[in-house]
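In case you want the letters, here they are:
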Amino acid sequence: MSLESEIERRRTFGIISHPDAGKTTLTEKLLLFGGAIQEAGAVKSNKIKKGATSDFMEIERQRGISVATSVLAFEYQDVKINILDTPGHKDFAEDTFRTLTAVDSVIVVIDVAKGVEEQTVKLVEVCRMRNIPMIVFINKLDREGKDAFELLDEIEQKLGLTVTPMSFPIGMGYDFKGIYNIWEKNVNLFSGDSRKNIEETINIEDINTTELNDLIGDDFAENLREEIELVTEVYPPFNQKEYLNGNLQPVFFGSALNNFGVRELLDCFIEIAPTPKPKESDTRLVKPNEKDFSGFVFKIHANMDPKHRDRLAFIKIVSGTFNRNTPYLHVRNNKKMKFSSPNAFFAERKEIVDVSYPGDIVGLHDTGNFKIGDTLTQGEIMQYKGIPSFSPEHFKYINNADPMKSKQLAKGIDQLMDEGVAQLFVLELNGRKVIGTVGALQFEVIQYRLEHEYSAKCSYENLNVYKACWVDIVNSDKEELADFKRVKSRFLAKDKRGQLVFFADSSFTLQMTQSKYPNVKLHFVSEF
Ligand code: G4P
């Protein structure tokens, strides 16, 4: 098959949701359709369960699971689908943000009863900033929940989306009869009382046909007609271009647990979702169908076995074909590297592959050469952009608790930061090291991993910082910046790349600083 047709048949996406909305269940149902797994229950949730926050073995176990489910690839109707897993736990949000740099589209899962929740808001915001095409799946229709119109309103208001329903529920919870599929023009009925997995699809070309009354009863039929009329009046019709540009979001209703509405979602997804997209590098826009291979690291996962400190670097292929045992340029290190056992991921299996195409993810064994954001090419000198660090929200001084092991500690911290577990800052004032994280859980993970993987011990000391922001040296007013640096010298630090960072101890300080120095540009993401 030609490179063009391999690209054409690939869809790489992520499923995002607030924990418990049904991401794992939906993933599993999609894999069942693809025949990638044989039974329900095969996909392990990568959730960190409540109460497990101080149980290190549990954290480690969960990390293991998330390697296995990092990429779930399967084939459906000759389309190669790559699902990239995104941790739902808020302490790992940064991991999810980075994974979103490697997807070409997303499916957002929303619980019909809970509506739009906190994590969904944050994740959708990142997708919106990047114009990532999104499809919304409203889940758990077998339960009582919010009214469909109310929910669509909430999605528009809280998530800032423009929705277009592709299906519409007929009843809900106890009265849930099925779904009218606006996209395919048919009715899917839950049959029987059990409402389990039984699905009947009846094509209804014209919603006014009396056949609909026979199927769902007069009241439901009349109601549905009114609702669909309203849908057509209120919401814009589906337009693929608008969806692909991130301006319009199709919405599906269903119940992942009961496998209801999932096939419809998948069938529509493979038809409308984008194929691998071009990506901007620091020198030019790179197209997937270019002959030469290029890709970037969006995730690094440490090996589970503490005796072997090798890691798995996940590369998203942007252009060309990636071949086993072929030398590629690690641009940052200016070093050629060959990979004898690149892994591809198929549902829960890992396999060594000879060749991979744009949109695919390969896992490369790494002994410490890769950092998140690194670019690999066939020789061209360029760096992919767009893997930012986010402003951390928890801060602690990190101290060496075993003076004999300072080298191990330094190495451990260095590698954990490369993996993106947390961010390291060095205070300008006294050279002390500060760890900043998005979630509180990471401090425990770091301490545990330093001890078990690097034989180093650390202790923490509290530091009162509300937020760290990056100072834009280039675009700030020079005089104002000099004054800012002098007055705020006690609150300045450098990040790992040597960029200047300002530690604000409260939101009030931050506001005051911004109004006192309006021409000193502060950013909440490292890439600006
Ligand atoms: P997550 O990955 O987004 O965190 O959610 P997950 O799929 O684990 O689903 C969270 C809970 O919601 C699970 O129940 C799951 O069975 C349930 N669920 C998912 N889809 C549906 C649906 O369509 N209808 C209903 N009624 N429930 C659904 P749990 O009790 O927390 O877990 P489990 O013990 O069933 O695994």
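Right, let's walk through the structure included here. Owing to the predicted nature of the structure, the values given are computational and were not obtained by experimental measurement.

We now examine the packing of aromatic side chains. Here the structure, examined in full by the defined rule, presents 19 aromatic pairs. Linked through ring pairs, F293, F322, Y328, F339 and F370 together constitute an aromatic cluster. It is K396 that lies over the ring of F443; its NZ or CZ is 5.3 Å from the centre. The ring of Y466 has K467 lying over it, and the distance from NZ or CZ to the ring centre is 5.9 Å.

Under the counting rule described, the total for this entry stands at 31 salt bridges. D354 is paired through a salt bridge with R324; the nearest N and O atoms lie 2.7 Å apart. With D354 in the loop between β20 (349-352) and β21 (355-356) and R324 in the loop between β16 (322-323) and β17 (328-330), the pair connects residues that are 30 residues apart, well separated along the chain.

Turning to the sheet that holds strand β1 (residues 10-17), a few remarks are in order. Pairing is mixed across the open sheet formed by seven strands, whose spatial order is β2-β3-β1-β4-β5-β11-β6. Of all the strands in the sheet, the pair left with one neighbour each is β2 (71-76) and β6 (163-165). Averaged over all neighbouring strand pairs, the angle between strand axes comes to 30°, with direction disregarded. Against the sheet, helix α2 (residues 23-33) touches β1, β2, β3 (79-84), β4 (105-111) and β5 (134-139), its axis set at about 155° to β1. Against the sheet, helix α10 (residues 262-272) engages β1, β2, β3, β4, β5 and β11 (249-253), with an angle of about 180° to β5.

Turning our eyes to something else, we now look at the layout of surface pockets. Of the volumes computed, that of the largest pocket is approximately 790 Å³. Lining the largest pocket we find 28 residues, and of these I372, I387, S389, R497 and S526 sit closest to its centre. When grouped by side-chain class, the residues that make up the lining of the largest pocket number nine nonpolar, eight polar and eleven charged. Here the lining of the largest pocket spans two domains, since at least three of its residues come from each of domain 2 (279-377) and domain 3 (394-523). What the second largest pocket holds in volume is close to 530 Å³. Contributing to the lining of the second largest pocket are 26 residues, with T101, R130, P278, K279 and E280 lying nearest its centre.

Rules used in this analysis
- Residues numbered from 1 in each chain as written.
- Predicted model: local features only at pLDDT ≥ 70, side-chain atom pairs only at ≥ 80, totals over all residues.
- Heavy atoms only, no water.
- Phe/Tyr/Trp six-rings, centres within 6.5 Å; stacked < 30°, edge-to-face > 60°.
- Lys NZ or Arg CZ within 6 Å of the ring centre and 35° of its normal.
- Salt bridge = Lys/Arg side-chain N within 4 Å of Asp/Glu carboxyl O.
- Helix = DSSP H or I, 4+ residues; strand = E, 2+ residues; numbered from the N terminus.
- Pairing = 2+ DSSP bridges.
- Axes fitted to C-alpha atoms, helices over the stretch in contact; angles between N-to-C directions.
- Contact = heavy atoms within 4.5 Å.
- 1 Å grid on protein atoms, 1.4 Å probe; cavity = no way out; pocket = protein on both sides within 12 Å on 5 of 7 lines; lining within 4 Å.
- Points joined across faces, edges and corners; volume = space filled by probe spheres on them.
- Nonpolar A, V, L, I, M, F, W, Y, C, P; charged D, E, K, R; others polar.
- Domains from an automatic or database assignment.

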